[in-house]
Each structure stands twice: as structure tokens, then as C-alpha cells.
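Spelled out, the chains give:
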Amino acid sequence: MFFWNSIKLKIALNDLVDSLKRWRLWLYLGWSDIKIRYRRSVLGPWWITISMGIFIFTMGLVYGKVLKTNTKEYMPFLTCGFLIWTFISTSINEAPEVFNAAKNFISQIKLPFHIYVFKLIIRNTVIFMHNALIYLLMIMYFRINPGWDILLAIP
């Protein structure tokens, strides 16, 4: 039993190492996913950013009034939290379909399986970086210095 598990572990680690060596491939595949998804749109992936900005702005105004909080303090907090939550929830919701969405690649080309996972992470990270512009605009508008506290959002 232990021998069988060590073989599986070795195969998985080899797959991971091979995937990490092919970092250009999964960067390209993640970027091309975004291009393909938004090729018919004039605004492309910026459409997500614009709609996210409108949503955060209206939610911030409504909840700011309901909770009777200072908008200058509440809006950046809401923006940062919502952007990170959207990144996490999108990644979790899309994760079960990673290999099903890549079934054509998997059946035709012998590639390490971790490449498809990294492709998902790259795609969601690029969209997150587009959305992070909302936070930058928010802290510039309210003239806030987030300081090093913003790094607490990462864990």
C-alpha cells in the first residue's frame, strides 16, 4: 500500500515540476483564454471591471447609508474585500470544470495536468488585476494611504 502511494506521489510531483518548467505555456494559455472569451466585445475584459466598479459603488452607497458609516472609510474596505472575495469564489467555482473544459487538449496533446490548473489561476489573476484598478481609483478618489495594512488581505 505504501509503495503504491509513493508511486502516485512521485508521478504527481513529476507532473508539477514539468508544469512549472513550462510556465510560458500556461501563461500563454491563460492569456489566450481571456482573448478568446472577449474577442467580440469592444471593451473586452474591461467590461468586467466597469460592471464590478458600478456594483461596488452602488453597494457602497447603499450599505454606507444603511449602516450609517463614513463613506470614506467604508468604500475602500468594501472594495478590497469584494475584489478578493470575487477572485477566490471565481477560482473555487471554476476549479471543478478545469479538466472538463480542457478535455480537447487532454485527449490530443500529452501535457502535464497541472498546466490546466495554472491556466485557470493565471486567467483569474489577470481579471483580478483588471479589477484592482477599481481599488486604486478608490484610494486616489478618497485620498487614502492604505499603508502596509493592505497586505493583510493576501492571507
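Residues numbered from 1 in each chain as written. Predicted model: local features only at pLDDT ≥ 70, side-chain atom pairs only at ≥ 80, totals over all residues. Heavy atoms only, no water.

Peer 1: Help me understand helix α3 (residues 46–66), please; the structure alone is not making it clear to me.
Peer 2: Because an α-helix packs 3.6 residues into every turn, residues spaced three or four apart end up facing the same way. The first and last C-alpha atoms of α3 sit 30 Å apart over 21 residues, in line with the 30 Å expected at 1.5 Å per residue. For α3, every residue scored as buried is listed here: I48, T49, M52, G53, I56, G60 and G64. The buried side chains of α3 occupy one side of the element, clustering within an arc of 130° when seen end-on. Residues of α3 that are exposed and point over 90 degrees away from its buried face: I54, V62, K65 and V66. (Helix = DSSP H or I, 4+ residues; strand = E, 2+ residues; numbered from the N terminus. Expected span 1.5 Å × (residues − 1). Buried < 20%, exposed > 50% of the residue type's maximum accessible area, 1.4 Å probe, protein only. Arc of directions from axis to C-beta.)

Peer 1: Explain the nonpolar core to me, please; I cannot follow it from the model alone.
Peer 2: Here is a general trend for soluble globular proteins: nonpolar side chains tend to be buried in one another's company. Ranked by size, the top nonpolar core spans 15 residues in total, and within it W26, I34, I115 and Y116 carry the most contacts. Within the residue set of this core, elements represented by two or more residues are α2 (23–37) and α7 (114–141). In terms of residue count, α7 provides more of this core than any other element does, seven residues in total. In this structure W26 touches S19, L20, I115, F118, K119 and I122, once residues within four positions along its chain are discounted. With 12 residues, the next largest nonpolar core counts M52, Y74, M75 and M138 among its residues. (Core = buried A, V, L, I, M, F, W, Y, C linked by side-chain atoms within 4.5 Å. Contact = heavy atoms within 4.5 Å.)

Peer 1: How should helix α4 (residues 71–94) be read in this particular structure?
Peer 2: Between its terminal C-alpha atoms α4 stretches 33 Å, which fits the 34 Å expected from 24 residues at 1.5 Å a residue. Turning to α4, its buried residues number three or more, namely Y74, M75, P76, L78, T79, C80, L83, T86 and S91. Lining the buried residues of α4 we find α3 and α7. Near the N-terminus of α4, the side chain that reaches the backbone nitrogen of K72, with its oxygen 3.2 Å away, is that of N70. (Polar contact = N/O pair within 3.5 Å; in protein donor to acceptor, adjacent residues only side chain to side chain.)

Peer 1: Got a minute to help me understand the packing of α3 against α7 in this structure?
Peer 2: When two helices pack together, you describe them by how their axes are tilted relative to each other and by the distance separating the axes. One can describe the packing of α3 onto α7 by two numbers: an axis separation of 9 Å at closest approach and a directional angle of 40°. Taken together, the axes of α3 and α7 lie oblique to each other. Classified by chirality, the crossing of α7 by α3 is right-handed. Where α3 abuts α7, its residues W46, I48, T49, M52, G53 and I56 lie against I127, H130, N131, L133, I134 and M138. (Axes fitted to C-alpha atoms, helices over the stretch in contact; angles between N-to-C directions. Parallel < 35°, antiparallel > 145°, perpendicular 65-115°, else oblique. Left-handed = near helix turned anticlockwise from the far one by under 90°.)

Peer 1: How should the packing of α4 against α7 be read in this particular structure?
Peer 2: For the pair α4 and α7, the least separation of the axes is 10 Å and the interaxial angle reads 170°. Taken together, α4 and α7 sit at an angle that is classed as roughly antiparallel. Taking contact as the criterion, the partners of M75, P76, T79, C80, L83, I84, F87, T90, S91 and E94 in α4 are, on α7, L120, R123, N124, T125, F128, N131, A132, I134, Y135 and M138. The class makeup of the residues in the contact of α4 with α7 is 12 nonpolar, six polar and two charged. (Nonpolar A, V, L, I, M, F, W, Y, C, P; charged D, E, K, R; others polar.)

Peer 1: Before we go on, may I ask you to explain the pattern of salt bridges in this structure?
Peer 2: It is possible for side chains of opposite charge to pair when their charged atoms get near one another. Tallied over the entire structure, the rule returns three salt bridges. One salt bridge connects K119 with D33, and the closest N-O pair in it is separated by 3.6 Å. Of the two residues, K119 sits in helix α7 while D33 sits in helix α2, which places them 86 residues apart along the sequence. With respect to burial, K119 and D33 carry one shared label: buried. Taking the shortest distance from any N to any O, the salt bridge between E94 and R123 comes out at 2.7 Å. A residue pair is termed long-range when its members are at least 10 positions apart, and E94 in helix α4 and R123 in helix α7 qualify at 29 residues. When salt bridges that share partners are traced, they join D33, E94, K119 and R123 into one network. (Salt bridge = Lys/Arg side-chain N within 4 Å of Asp/Glu carboxyl O.)

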